[in-house]
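Examination of the molecular architecture
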Amino acid sequence: MSLSLIPGQKLIAATHNPGKAVEIAAILNGRFEIVTAGSLDLPEPEETETTFVGNAILKARHAALRAGMVALADDSGLSIAALNGDPGVYSARWAGPDKDFTRAAEVIWHKMDVAREQQGDAFTTAAWFTCALAVAWPEGHACVFEGRIDGTLVKPRGAKGFGYDPIFQPEGFETTFAEMDADAKDAISHRSRAFAQLKAALID
Ligand code: ITT
């Protein structure tokens, strides 16, 4: 069994998040035939692991086994230093069943106000995005790669991107991810950093 990915090969993008699917397609840049888990009507597995790596492997294996094809899954999230790394692996759940990220940002900033009072001089707005990307083969083998970008938690600005993009300003930039064009985000994001490792290991 070959543990490499061959350009042109059909791959399942095991995500039900349209924002991620758009970024994954752009990063892979037409080099693979991408089929989404949604278009194959694959059910969404319950994310029972407590790490990004664990959940990425769980989602990729789930899709690969059901579809009999190589599958790629992304487990990602925003971690905030002053909140002990929350929401972290529970980033999607903090937005609730309605995926309301305006509300999630309000909850986060309320918790930050409490943390600022409790932590005094130790309080910071440091935050980071993590992306674990797993590739699973139907025979059971899996590989995983992780990317991270550091930055600052800010009040919401901008309408591009998805999820927590409006409240994250990457280090060295004056704009949030939601104020950046897709190409600018893709040049530095946690997702593209994980993909750079995946490409070096499995494609190039
Ligand atoms: P799938 O599991 O189907 O891929 P999901 O949205 O449930 O979709 P996760 O469990 O990985 O995905 O949750 C990741 C959460 O973090 C989700 O709420 C995203 O909106 C958010 N997130 C991840 N990457 C992001 C990015 O680049 N910009 C903004 N928010 C991001």
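Attention here is on the structure that accompanies the text. (Residues numbered from 1 in each chain as written. Predicted model: local features only at pLDDT ≥ 70, side-chain atom pairs only at ≥ 80, totals over all residues. Heavy atoms only, no water.)

1. Concerning unusual backbone geometry
Cis geometry is found at the peptide bond from Asp86 to Pro87, where omega equals -5 degrees. You can see Pro87 is positioned in the loop between strand 3 (71-80) and helix 3 (91-94). The phi dihedral of Asp41 is positive, around 60 degrees, even though this residue is not glycine. Take Asp41: it is sitting in the loop between strand 2 (33-36) and helix 2 (52-67). The backbone of Lys99 sits at a positive phi, close to 50 degrees, despite the residue not being glycine. The topology assignment puts Lys99 in the loop between helix 3 and helix 4 (101-119). (Helix = DSSP H or I, 4+ residues; strand = E, 2+ residues; numbered from the N terminus.)

2. Quick look at the packing of aromatic side chains
Evaluated as defined, the whole model comprises four aromatic pairs. Measuring from ring centre to ring centre gives 5.2 Å for Phe168 and Phe177, while their planes differ by 55 degrees; the resulting arrangement is tilted. In terms of burial, Phe168 and Phe177 fall into one category: buried. One aromatic cluster is present, formed by Phe129, Phe168 and Phe177 through successive ring pairs. Positioned above the aromatic ring of Trp109, the side-chain terminus of Lys155 is 4.7 Å from the ring centre. (Phe/Tyr/Trp six-rings, centres within 6.5 Å; stacked < 30°, edge-to-face > 60°. Buried < 20%, exposed > 50% of the residue type's maximum accessible area, 1.4 Å probe, protein only. Lys NZ or Arg CZ within 6 Å of the ring centre and 35° of its normal.)

3. What to know about the site of the ligand
Around the ligand lies a shell of 22 residues, among which Thr15, Lys20, Lys59, Asp165 and Lys185 are the nearest. Here a nitrogen atom of the ligand sits 2.6 Å away from a polar atom, N or O, in the side chain of Asp165. Taking 620 Å² as the accessible area of the ligand by itself, protein coverage stands at 95%. For the shell around the ligand, the elements supplying multiple residues, two or more each, are strand 3, helix 3 and helix 6 (190-203). Sort the elements by how many residues they give to the shell around the ligand and strand 3 lands first, with four residues. Here the residues of the shell around the ligand sort into five nonpolar, eight polar and nine charged. (Near = heavy atom within 4 Å. Polar contact = N/O pair within 3.5 Å; in protein donor to acceptor, adjacent residues only side chain to side chain. Areas by Shrake-Rupley, 256 points an atom, 1.4 Å probe, with all protein chains shown as cover. Nonpolar A, V, L, I, M, F, W, Y, C, P; charged D, E, K, R; others polar.)

4. Topic: the pattern of salt bridges
Counted according to the given criterion, the structure contains 12 salt bridges. Residue Glu23 is joined to Arg191 by a salt bridge in which the shortest nitrogen-to-oxygen separation is 2.7 Å. Pair noted here: Glu23 is in helix 1 (residues 18-28) and Arg191 is in helix 6, with a separation of 168 residues, a long-range link. The exposure classification of Glu23 matches that of Arg191, with both residues buried. For Arg148, the salt bridge goes to Asp150, with nearest N and O atoms at 2.7 Å. Arg148 gets classed as partly exposed once you look at its relative accessible area, which sits at 42%. One connected set of salt bridges, linked through shared partners, spans Lys20, Glu23, Asp74, Asp165, Lys185 and Arg191. (Salt bridge = Lys/Arg side-chain N within 4 Å of Asp/Glu carboxyl O.)

5. Let's talk about helix 6
Along an α-helix, a turn takes 3.6 residues, which lines up residues three or four apart on a common side. The terminal C-alpha atoms of helix 6 lie 19 Å apart, and with 14 residues this matches the ideal 20 Å at 1.5 Å per residue to within 8%. Within the sequence span of helix 6, burial applies to His190, Arg191, Ser192, Ala194, Phe195, Leu198, Lys199, Leu202 and Ile203. On the buried face of helix 6, the contacting elements are helix 1, strand 3, strand 4 (126-136), strand 5 (142-153) and helix 5 (182-188). (Expected span 1.5 Å × (residues − 1). Contact = heavy atoms within 4.5 Å.)

6. So, the environment of Leu5
Examined against the element boundaries, Leu5 turns out to sit in the segment before strand 1 (10-13). When the C-alpha positions of Leu5 and Gly96 are compared, they lie 35 Å apart, and in sequence the two are 91 residues distant. Not counting the four nearest positions on each side in its chain, Leu5 is found in contact with Leu11, Phe32, Val70, Val135, Trp137, Leu198, Leu202 and Ile203.

7. Quick look at the sheet that holds strand 1
Pairing is mixed in the open sheet, where six strands are placed in the order 2-1-3-4-5-6. Two strands close off the open sheet at either side, each with one partner strand: strand 2 and strand 6 (168-170). Taking the axes of each pair of neighbouring strands and ignoring which way they run, one obtains an average angle of 35 degrees across the sheet. Relative to strand 5, strand 4 is paired through 11 bridges, and the arrangement is antiparallel. Across the sheet, the residue bridging to Ala127 is Gly151, located in strand 5. Packed onto the sheet, helix 1 meets strand 1, strand 2 and strand 3 and runs at close to 115 degrees relative to strand 3. (Pairing = 2+ DSSP bridges. Axes fitted to C-alpha atoms, helices over the stretch in contact; angles between N-to-C directions.)

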